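Spelled out, the chains give:
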Amino acid sequence: MRVTAGQVSGERLKLWWERALLVIVTAGVVGGALIWFAGRRGTADVLWAAATLVALVPAAVSVGRSLWRRRLGVDVIALLALASALVAGEYLAGAVVALMISTGRALESYAQRRATHDLRALVAHAPRSARRRTAGGAVEVVPLGAVRPDDRLLVAPGEVVPVDGRVEDPAVLDESVVTGESQLVNRRRGEQVASGVVNAGPAFGMRATRNAAESTYAGIVRLAQEATARKAPMVRLADRYAAAFVPFTLVLAGLSWLISGQFVRAVAVLVVATPCPLLLAIPIAIVSGLSRTARAGVLVRDGGSLEVLGRARTLLVDKTGTLTLGRPRAAELVTAPGIERDEVLRFAASLEQLSPHVLAAAVVQEAVSRGLTLLTPTDVTEEPGTGVTGRVDGRLVRVGQWAGEPAPWAQRAHQRAELDGMAAVWIWLDDVLAGTLLLQDPVRHDARRTVRRLRDAGFNRLVMLTGDRPRVAAEVARVVGVDDVVARCSPDEKVERVRAESAQAVTVMVGDGVNDAPALAVADVGVAMGATGATASAEVADAVLTVDRLDRLADAVEISRYARRIAFQSATAGMGLALVAMGFAAVGFLPPVAGAFLQEGIDVVVIVNALRALGGGIRRRPLSSDTQRLLERFSAEHEQLRDSLGQLSATADLIATSPEAAECVAALRTTHRRLVEEILPHEEAEENHLYPALATPLGTAEATATMSRAHIEIHRLIDRIDGHLRQVSDSRLRPDQIPDLLASLYGLHAILRLHFVQEEENFFALSSAARGDPPPDHPPQLVGSPDDQREGQQ
């Protein structure tokens, strides 16, 4: 959908007419008042009557259009109030009503422009052209539609990235327009970059992976244009009010005239019944909600969808790509005894650079995250279902599935992968099995916290749907805390489950894959993870998460409930006051002129209250900048310490299977050294700096007490390992040391893993929620199955 020149001209003409009407009516009211005080009351009545007539004409046109569409709205009361004031000779009352209506329209126009500022800013930010490199190395400026996948582009400083792609040079980006993240983001060579972000550093090169129409920002702009263009918000609610309010007003006005014999009482009733609270408050509050959800990274298609989202009670959510990251991540690197871990990974990732397999990217990403320099492979061949083979730096490298009779260390790694539902990528160097990289689809760090927030926001039933195995699905369900889980769920079964839940309560479905699109379409509100999901799911959804963050859904729900509450509050309070005034007018205690001024005051109060929907509603404790920096620091350290945890586990396995081997003591000394030099300083810094800083946002220092107790246990187990090392005299472990040493090693490994996960879920997610940045990519726990990646990509 595109905004045409005709649409722009129409909007400008409407804005000009509203301002002109307000100026004319205001001049008539003020001019008439001045002349009235000068003693020329007849002339004043002429000016007030003219002002009334000026407002009467557009009101009659609006009512006529509604009647032509066979819809009787509340604006008919405003028309009757103006007309009856002219007939009864209550020219000042008519002029005040005219001023009220024209002022209301101007305020509505301002409020809607204010409320849709973020939506319009998204549209205005869209790039129009791109700098493309030619075959000869020159740079040409081409229309955005001319860019094709694999084109090499140049993004100058301050320019908007035109299409989705991968950076070819280090880049510093401002991604705030797309993600809401205010801090600059550094992207390394080979990393993905989304269209719509701004180059905040020097010029950089990139290679397009999608054309403009299929890129991230184009989809965001389409949704923003739809949300801006669609007629507003909760018109159905205003119409429901009108169905009862219009007949009631006409009956009350008629009875007051019939019983008293005074037509002026009917005029007074119509004047104070002018329904500006319905005409203005509801649209303003809901459009404000649309703007705020867009700012939070959730584009809701229209006000009706926002209203339904605000009263939903059941949430169905797809697992892969929604509760989990939706792409495989390295969980652990296991190598054969005596082989250097980073070297094995570097050779494997160098070879996997040329593989299109879904797991190859995870291998490359793990090497890049460790800062390893990758080499260019040669003689690369790939056999589907088996693996890829080639030469890297003169050595024969093969990466693929398990083949042959594995060594004991490999059998243990294979068993671990089977038990934890992980995929294993096996690596051979010169035909010798050298290591394996265990991969998983990790649960998002913010998933459990988001589920708790959704419950607090009003959802009383949460169901997880997945095509994954029952055991893996059940474990994810326990981690995130949903009420029910449906495993081995096909797309057709998802649709049937959504329909069944929708029959019981207003239901929201969240998904990201092509196979989720039918379920999103039949839900009361379908929400697509548009930042990483399929285009098909985003096209049928009622709302799209433009950032890869599940907690933004909780933000959108809280905003929608707040906006809906403000809309009802404004409409109910305004109409309640109007009903009281109508009662006084019906019995003759409120003349038309006084009623008109009273209604004007009610309108101002209601509109100001409706604008409260532009802020508030989200329950989130603010973080200081110092606390945010601490959270980011320790979150990054967790990523660096993952390898220490892997070495701890590998050492324990070595001692458990070969306790008499000479390399056991050397491995134990290396592991202990890393524990003392890496783990202990990290835990002590958390205890002394991070935990005290978290006391304010968490509400109490006791919130970190259990985590502090874990620090004590970690220190005790490391000291215990040190005690065993001091007892070694002949470079071999004594048999009586083995049981307690294994208990210490495995116990420490389990405690550290649990401790890291708890910190990431409960503490580090606070920084992401406060700043709006994506959660760290490192896996928090072993629960997802990488084999399930195909579920969301088929």
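If you're wondering where the values come from, they're calculated on a predicted model, not measured in any experiment. (Residues numbered from 1 in each chain as written. Predicted model: local features only at pLDDT ≥ 70, side-chain atom pairs only at ≥ 80, totals over all residues. Heavy atoms only, no water.)

Draft legend 1. Spatial organisation of the packing of helix α3 (residues 75-88) against helix α9 (residues 263-272). In the contact formed by α3 and α9, the axes pass within 8 Å of each other and the chain directions differ by 150°. For the pair α3 and α9, the sense of crossing is left-handed. Residues I77, L80, A81, S84, A85, V87 and A88 of α3 form the contact with α9, whose participating residues are F263, V267, L270 and V271. Among the residues forming the contact of α3 with α9, the class breakdown is 10 nonpolar, one polar and no charged. (Axes fitted to C-alpha atoms, helices over the stretch in contact; angles between N-to-C directions. Helix = DSSP H or I, 4+ residues; strand = E, 2+ residues; numbered from the N terminus. Left-handed = near helix turned anticlockwise from the far one by under 90°. Contact = heavy atoms within 4.5 Å. Nonpolar A, V, L, I, M, F, W, Y, C, P; charged D, E, K, R; others polar.)

Draft legend 2. Inspection of the pattern of salt bridges at higher detail. According to the stated counting rule, one finds 38 salt bridges in the structure shown. Measuring nitrogen to oxygen at the nearest pair gives 3.3 Å for the salt bridge that ties D151 to R132. You can see D151 sitting in the loop between β2 (139-143) and β3 (152-155) and its partner R132 sitting in strand β1 (residues 129-133), a full 19 residues away along the chain. Residue D151 shares its accessibility class with R132, and that shared class is buried. What you see here is one network of salt bridges that share partners, running through R341, D342, E366, R370, R642, D643, R674 and E678. (Salt bridge = Lys/Arg side-chain N within 4 Å of Asp/Glu carboxyl O. Buried < 20%, exposed > 50% of the residue type's maximum accessible area, 1.4 Å probe, protein only.)

Draft legend 3. Just the sheet that holds strand β5 (residues 171-174), in detail. Strand order in the open sheet made by the three strands is β6-β5-β8, with antiparallel pairing throughout. Here the strands that pair on one side only, and so sit at the sheet edges, are β6 (185-187) and β8 (198-199). By the bridge criterion, two bridges tie β5 to β8 in an arrangement that is antiparallel. The partner of L173 across the bridge, within β8, is N199. (Pairing = 2+ DSSP bridges.)

Draft legend 4. Molecular detail of the side chain of E366. By the element assignment, E366 lies in helix α14 (residues 360-369). A distance of 3.1 Å separates a polar atom in the side chain of E366 from a polar atom in the side chain of R642. In this structure, E366 is in contact with A330, L345, L437 and R642, ignoring residues within four places of it in sequence. (Polar contact = N/O pair within 3.5 Å; in protein donor to acceptor, adjacent residues only side chain to side chain.)

Draft legend 5. Spotlight on the side chain of T322. Locating T322 in the fold gives a position in helix α12 (residues 319-323). A relative accessible area of 0% places T322 in the buried class. Within polar-contact distance, the side chain of T322 engages the backbone oxygen of D318 at 3.4 Å. The contacts of T322, once residues within four sequence positions are left out, are V317, R444, V510, G511, D512, M529 and L550.

Draft legend 6. Representation of the packing of helix α16 (residues 447-457) against helix α21 (residues 551-586) in the model. Contact geometry for α16 and α21: axes closest at 9 Å, N-to-C directions at 15°. When the axis of α16 is compared with that of α21, the two are roughly parallel. You can see that α16 and α21 cross each other, and the crossing is left-handed. Contact with α16, carried on its side by T450, R453, L454 and A457, involves D551, L553, A554, D555, V557, E558 and R561 of α21 and no other residues of that element. (Parallel < 35°, antiparallel > 145°, perpendicular 65-115°, else oblique.)

Draft legend 7. Region of interest: the nonpolar core. In terms of nonpolar packing, the biggest core is built from 51 residues, with V508 and L553 touching the most fellow members. Ignoring any residue separated from it by four or fewer positions in sequence, one finds L553 in contact with L315, L454, V510, V527 and L545. Counting 41 residues, the second-largest nonpolar core is a separate cluster that includes L21, V29, V97 and A268. (Core = buried A, V, L, I, M, F, W, Y, C linked by side-chain atoms within 4.5 Å.)

Draft legend 8. The packing of aromatic side chains, seen in detail. Enumeration according to the criterion identifies three aromatic pairs in this entry. Ring geometry for W36 versus F37: centroids 5.2 Å apart, planes at 85°, classification edge-to-face. Under the relative-accessibility criterion, W36 is labelled partly exposed at 32%. What makes F37 exposed here is its relative accessible area of 68%. Both rings, one in F584 and one in F589, keep their centres 6.4 Å apart while their planes meet at 45°; by these two values the pair is tilted. Exposure remark for F589: the relative accessible area of 63% places this residue in the exposed category. (Phe/Tyr/Trp six-rings, centres within 6.5 Å; stacked < 30°, edge-to-face > 60°.)

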